[in-house]
Amino acid sequence: MEKTFQPADIESRWYQEWESKGYFAPQGGEEAYCIMIPPPNVTGSLHMGHGFQEAIMDALIRYHRMAGFNTLWQVGTDHAGIATQMVVERQLEAQGTSRKALGRDKFIDKVWEWKEESGGTITQQLRRLGSSMDWTRERFTMDPGLSDAVQEVFIRLFREGLIYRGQRLVNWDPSMHTAISDLEVVSEEEQGHLWHFRYPLTNGEGHLTVATTRPETMLGDTAVAIHPEDERYAHLIGQTIDLPLTDRKIPIIADDYVDREFGTGCVKITPAHDFNDYEMGRRHDLPVINILNDDAAINDSAPEAYRGLDRFDARKQIVADLDALGLLDKIDDHTLKVPRGDRSGVVIEPYLTLQWYVDAKTLAQPAIEAVEQGNINFVPKQWENTYFAWMRDIQDWCISRQLWWGHRIPAWYDDTGKVYVGASEAAVREEHGLDDKLPLHQDEDVLDTWFSSALWTFSTLGWPEETPELATFHPSSVLVTGFDIIFFWVARMIMMTLHFRKEVPFHTVYVHGLVRDIEGQKMSKSKGNVLDPIDLIDGIELEPLIEKRTGGMMQPQMAKRIEKSTRKQFPDGIDAYGTDALRFTYYSLASTGRDIKFDIGRIEGFRNFCNKIWNAARYVLMNCEGEDCDQQDMGELELSLADRWIIGRLQETETAVAQAVEQYRFDLASQALYEFIWNEYCDWYLELSKPVLWDENASSEAKRGTRRTLIRVLETWLRLLHPFMPFITEEIWQTVGPLAGKSGATIMLQPYPKADPATVDTAANADIEWLKDVIVGVRNIRGEMNIPPGKELTVLLKNGDDTDKSRLELMAPFLRKLAKLGDITWLSAGEDAPVAATALVGNLEILVPMAGLIDQDAELARLAKEIEKLEQDLKRIQGKLSNASFVDRAPAEVVSKERDKLQAQEQALTKLREQEQRIREM
RNA sequence: AGGACUAUAGCUCAGUUGGUUAGAGCACCUGCAUGACAUGCAGGGGGUCCACGGUUCGAGUCCGUGUAGUCCUACCA
């Protein structure tokens, strides 16, 4: 074995082996366990959020697979309508052509080409993380089977009246020329202006001043509204104004939606271009004048002067024209929320169009009940509130998109516009008895990507066929996801699955936090603070990292700033830490209910942990390979106290890990493993094994017992650790497993360790704790007095009882080796002791004679420190016990505990003071 | 405007139904090539648990108010 752990070569080797041997496929077992991957964008690439999420799912999957469940991790990718179409459109643009120039069919061919070309990136990256998903079952949302499911759902919902077509205001993306849902609009505060315009009254008696953030929409105004109780304007209700720049007269209406305090208290009403105005228009039966075309340029409903102008150019022009007419009152600075498309980033327009909708209110009801009744549980629980809040006020879901990449809507129209919904044109003709000569054309639109995602848990298992997989693995066990897609995806899956399967899609929703950078900022390409999980695994030099972060930057100043901060944060680039270290870092940070600030320092610590594991295995193998480790229970055997102790501690660790995983506390699981492996197995047990293995006088039974324990405990915790660190554990297990008497080709299909409380030896635990206390006591003196660790010490033990004495006899070799002691002398009562530095373990005094070794003042200082600690503690305990109400009201158990403590501390204090006195008198 | 979450060591974070002296990793200080590991070993320093008030024999933990920060939903023409 190499002296240090080298992750790179073993990782690719093992993943390939696992996959090619089919280990990821369900292996049978009584109970099924299933996780559906949140399908990543097929043309996307891995980011830290994926890394975190996949690590959690893989731990759950490997854990349950080893625990004997029939385990399926269903993998697949999403066609990601808008995102993917945008990428391909940009490529075409770069090639000097366009989607429209190509035409629908050729364009879709191009997207498929791009999918084939780049679709392997994300799936290869998932493999790098060690994720043990069943690749033979990989699905894509536009696979024939899944497309059938989409069509089936659409048709059935339509027939049930739960899908309908309607003309209303939608969020329109003028760059993509498509409607998008409310969820795809992100509103951020931006600096803007509030323009005040004077609208002249038709009767010539002055004007009303209206305030607007969107001057260009005035061309579509069809009223001015005031509050019905606003005395300033009450007399004007029912009159009209002459809308400037047009030849229209529009009414002054009263509506209590108007806020009297805001602006002038007069609002221009543009029903075609504002959601609130649209509602008001309906209440007052106002005309709806749409002044925009699909590009959000001014259309022919507007006066000629503005036709064809982009909305923002039109804005400037209109402001200038009104100013020229003396109708511009003033311009105030104003911050407002600007709605932008989450993909395109352009300003979204409320736009009147005909779209398809899902009746979400009806579907939401059972979905709300499922969570209320506990058929689905959110972890952490508070996310249920978020879910309820949204579901109880849910709006109908606009599902049609004016895109080409996606599932085309299975609806056909005749020349009169009558709609026929069915699986195909032929099916529609047949069903409705339509003549072959009657021309039909299919709806041009596709469905929202999330429509197919909503079916993911059952469409991937073969629905609408009643497949065996569906019967076995649905409902799935747990959904692991981020809070950002609770509405987009989780809620819609619950609705659709309950409707079509009459069962929940999953029993638990584990909601993890967002991975942020060290400053708590969201990682984003534009901020240049993105960490690529692959770079943490493989490492990356500084220059390529800078290139990666600044490449394709629009603004050069931005690039400069990013370069600077990158150079500062990673002066030497990023080391190669390996997948296991990265995964363990994720687990250690995965406490529930909070986001994750990713600290590069922690991954380094876990890389070191990998190295520790590696070297522990080297030590064990050096001492056990080719030796009799008694795995067949053949020979006489003697287990040392240390052997019995570590076996017990292993059981406790197994319990802790199992409990943590059941509660999705991967941070606690990783911590329990880390502590056990490093602080107990390596720091103490391996050291305690040396006095046995290296002692020529030790019996062969004892040596066999220790070797057997070394190898067995190691083999067990390798299995215990495997779901979290799959690669290093597999690599080591290949050698260790057989030595421990295990057969099998891979650790990943071995049984997961289960605690056996019967093997916890409490007496051995107490003995080893005593031993540790004594050793630490001596080491403390050594450390504080700067006595070199190599220098052998003489100690005297004083005031011990029979237990101390028998423990000493039993464990003297351990004590000698680990504390580096020479003579150990047991002082009888009343026997004189030399002046010495002292450590206390209970009543037992451990004396290290000072002569020639220890500086008087240094020991006095050390004692003073100990004494002060004790005194402070004592004061607190005395205070407590002299408080009558504490003694009366606290449980007797607590009180007696305090009394015991008081006594022990008092004794210790007395002893240390005596010591202090003796040293002073030296 | 409504709601959620967070505040503990220099940094990143644990801390269970309230009950020993509030913990870990990293960083820091001291010593050490000790035959698995210097990606290591041993020892050590470091905390007004955001503030105030309340409940309680007892509060990092429960309740209230406030401050700071993060986020979500709705929305201001």
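What counts, and at which threshold
- Residues numbered from 1 in each chain as written.
- Chains lettered and ligands numbered in written order.
- Predicted model: local features only at pLDDT ≥ 70, side-chain atom pairs only at ≥ 80, totals over all residues.
- Heavy atoms only, no water.
- Helix = DSSP H or I, 4+ residues; strand = E, 2+ residues; numbered from the N terminus.
- Buried < 20%, exposed > 50% of the residue type's maximum accessible area, 1.4 Å probe, protein only.
- Contact = heavy atoms within 4.5 Å.
- Areas by Shrake-Rupley, 256 points an atom, 1.4 Å probe, with all protein chains shown as cover.
- 1 Å grid on protein atoms, 1.4 Å probe; cavity = no way out; pocket = protein on both sides within 12 Å on 5 of 7 lines; lining within 4 Å.
- Points joined across faces, edges and corners; volume = space filled by probe spheres on them.
- Nonpolar A, V, L, I, M, F, W, Y, C, P; charged D, E, K, R; others polar.
- Phe/Tyr/Trp six-rings, centres within 6.5 Å; stacked < 30°, edge-to-face > 60°.
- Lys NZ or Arg CZ within 6 Å of the ring centre and 35° of its normal.
- Axes fitted to C-alpha atoms, helices over the stretch in contact; angles between N-to-C directions.
- Parallel < 35°, antiparallel > 145°, perpendicular 65-115°, else oblique.
- Left-handed = near helix turned anticlockwise from the far one by under 90°.
- Pairing = 2+ DSSP bridges.
- Core = buried A, V, L, I, M, F, W, Y, C linked by side-chain atoms within 4.5 Å.
- Salt bridge = Lys/Arg side-chain N within 4 Å of Asp/Glu carboxyl O.
- Near = heavy atom within 4 Å.
- Polar contact = N/O pair within 3.5 Å; in protein donor to acceptor, adjacent residues only side chain to side chain.

K.L.:
Explanation requested: the overall build of chain A in the structure shown.
P.N.:
Counting its secondary structure elements, chain A contains 29 helices and 28 strands. Considered along the principal axes of its C-alpha atoms, chain A spans approximately 120 × 65 × 60 Å. A total of 922 residues make up chain A; the buried ones form 53% of that total. Taking the intrachain contacts of chain A between residues at least 6 apart in sequence as the baseline, contacts between residues at least 24 apart amount to 77%. Of the roughly 41000 Å² that chain A leaves accessible, carbon and sulfur atoms contribute 47%.

K.L.:
Mind showing me how you'd approach the layout of surface pockets here?
P.N.:
To locate leftover empty space, one rolls a probe as large as a water molecule over the atoms. There is about 1200 Å³ of room inside the second largest pocket. Counting residues per element, the ones that place at least two in the lining of the second largest pocket are strand E6 (185-200), strand E7 (207-212), strand E11 (266-269), helix H7 (275-284), helix H8 (311-324), strand E12 (328-341) and strand E13 (349-358). In terms of residue class, the lining of the second largest pocket is made up of 17 nonpolar, 16 polar and 13 charged.

K.L.:
Explain the environment of Met-558 to me, please; I cannot follow it from the model alone.
P.N.:
Following the sequence through the fold, Met-558 ends up in helix H18 (residues 556-569). Distance in space between the C-alpha atoms of Met-558 and Ser-689 is 58 Å, their sequence separation being 131 residues. Excluding anything up to four places from it in sequence, Met-558 contacts Ser-526 and Met-553.

K.L.:
Help me understand the packing of aromatic side chains in this model?
P.N.:
Each aromatic ring pair is characterised by the separation of its centres together with the angle its planes make. Across all of its chains, the model carries 37 aromatic pairs by this definition. Measuring from ring centre to ring centre gives 6.1 Å for Tyr-587 and Phe-666, while their planes differ by 40 degrees; the resulting arrangement is tilted. Here Tyr-587, found in helix H19 (residues 579-589), pairs with Phe-666, found in helix H22 (residues 666-693); they are 79 residues apart in sequence, far enough to count as distant. You'll find Tyr-587 and Phe-666 in the same group, each marked buried. Members of the aromatic cluster, joined through ring pairs, are Phe-154, Phe-158, Trp-356, Trp-397 and Phe-451. The ring of Phe-140 is capped by Lys-115, whose NZ or CZ atom sits 4.4 Å from the centre of that ring. Residue placement shows Arg-127 over the ring face of Trp-135; its charged tip is 3.8 Å from the ring centre.

K.L.:
Help me understand the packing of H22 against helix H23 (residues 700-721), please; the structure alone is not making it clear to me.
P.N.:
The description of two helices packed together rests on the angle between their axes and the distance between the axes. Two elements in contact, H22 and H23, have axes separated by 11 Å at closest approach and are oriented at 165 degrees. Taken together, the axes of H22 and H23 lie roughly antiparallel to each other. Handedness of the H22/H23 crossing: left-handed. Contact with H22, carried on its side by Leu-673, Phe-676, Ile-677, Tyr-681, Tyr-685, Leu-686, Ser-689, Val-692 and Leu-693, involves Ala-702, Lys-703, Thr-706, Arg-707, Thr-709, Leu-710, Val-713, Leu-714, Trp-717, Leu-720 and Leu-721 of H23 and no other residues of that element. Broken down by class, the residue content of the contact of H22 with H23 amounts to 15 nonpolar, 3 polar and 2 charged.

K.L.:
Teacher, can you tell me more about the pairing of strand E4 (residues 163-173) here?
P.N.:
Consecutive side chains of a regular strand alternate in pointing toward one face of the sheet and then the other. Note: E4 against E13, 10 bridges, orientation antiparallel. Within E13, the position partnered with Arg-168 by the bridge is Thr-353. Relative to strand E5 (residues 178-180), E4 runs antiparallel, the two being bridged by 3 bridges. The residue bridging Trp-172 from the neighbouring strand is Ala-179, located in E5.

K.L.:
How should I be thinking about the packing of helix H9 (residues 360-372) against helix H10 (residues 383-391) in this particular structure?
P.N.:
Closest axis-to-axis distance for the H9/H10 pair is 10 Å, and the angle between their directions is 160 degrees. If you check the angle between H9 and H10, you find them roughly antiparallel. Remark: the crossing between H9 and H10 carries left-handed chirality. Residues Ala-364, Ala-367, Ile-368, Val-371 and Glu-372 of H9 pack against Glu-384, Tyr-387, Phe-388 and Met-391 of H10. Here the residues of the contact of H9 with H10 are counted per class, giving 7 nonpolar, no polar and 2 charged.

K.L.:
Is there a simple way to explain the nonpolar core in this structure?
P.N.:
Generally speaking, soluble globular proteins have nonpolar side chains that are buried together. Of all hydrophobic cores here, the largest spans 213 residues; its most connected members are Phe-451, Tyr-681, Trp-717 and Phe-724. Top contributing element to this core by residue count: H22, with 14 residues. Those residues in contact with Trp-717 that sit more than four places away from it in its chain are Ile-613, Leu-650, Phe-676, Ile-677 and Tyr-681. If you look at the next biggest cluster of nonpolar residues, it comprises 36 residues, including Trp-172, Phe-197, Ile-226 and Cys-398.

K.L.:
Is there a simple way to explain the pattern of salt bridges in this structure?
P.N.:
A side chain with one charge can pair with a side chain of the opposite charge if their charged atoms come near. This structure, assessed with the given rule, holds 56 salt bridges. Note that Lys-249 is salt-bridged to Asp-242, the shortest N-O span being 3.1 Å. Of the charged contacts, one joins Arg-607 and Glu-604 as a salt bridge, the two residues approaching to 4.0 Å between their closest N and O atoms. Of this pair, Arg-607 and Glu-604 are both found in helix H20 (residues 600-624), 3 residues apart, which corresponds to roughly one turn of the helix. Connected through salt bridges with shared partners, the residues Arg-214, Glu-216, Arg-311, Arg-315 and Glu-349 form a single ionic network.

K.L.:
How should the protein's contact with RNA strand B be read in this particular structure?
P.N.:
The full set close to RNA strand B counts 60 residues, and Asn-276, Ser-591, Arg-594, Asn-615 and Arg-889 are the nearest of them. Within 4 Å of the protein, the atoms of RNA strand B are drawn from sugar and phosphate moieties in a proportion of 69%. Between RNA strand B and Arg-618 there is a distance of 2.9 Å, counted from a sugar or linking oxygen to a side-chain nitrogen or oxygen. Within the side chain of Lys-690, an N or O atom sits 3.5 Å from a base nitrogen of RNA strand B.

K.L.:
Which parts of the structure should I look at to understand the sheet that holds strand E14 (residues 377-379)?
P.N.:
The pairing of strands in a sheet comes from backbone hydrogen bonds and takes either a parallel or an antiparallel form. The strand order E14-E22-E21 describes an open sheet built from 3 strands, whose pairing is parallel. The outermost strands of the open sheet, each flanked by one partner alone, are E14 and strand E21 (476-482). Each strand axis lies, on average, 20 degrees off the axis of its neighbour in the sheet, ignoring direction. With 6 bridges joining them, E21 and strand E22 (residues 506-512) adopt parallel strand pairing. Bridge pairing links Val-480 to Tyr-510 in E22.

K.L.:
Just to check I follow, could you spell out the sheet that holds E6 for this structure?
P.N.:
Read from one edge to the other, the open sheet built from 3 strands follows the order E7-E6-E12, with strand pairing classed as antiparallel. Whereas interior strands pair on both sides, the edge strands pair on one side only; in this sheet they are E7 and E12. Recorded for the sheet is a direction-independent mean angle of 20 degrees between the axes of neighbouring strands. Pairing analysis gives 6 bridges linking E6 to E7, with the strands arranged antiparallel. Paired with Trp-195 across the strands is Thr-212, a residue of E7. The strands touched by H8 are E6 and E12; relative to E6, the strand with the most contacts, the crossing angle is about 25 degrees.

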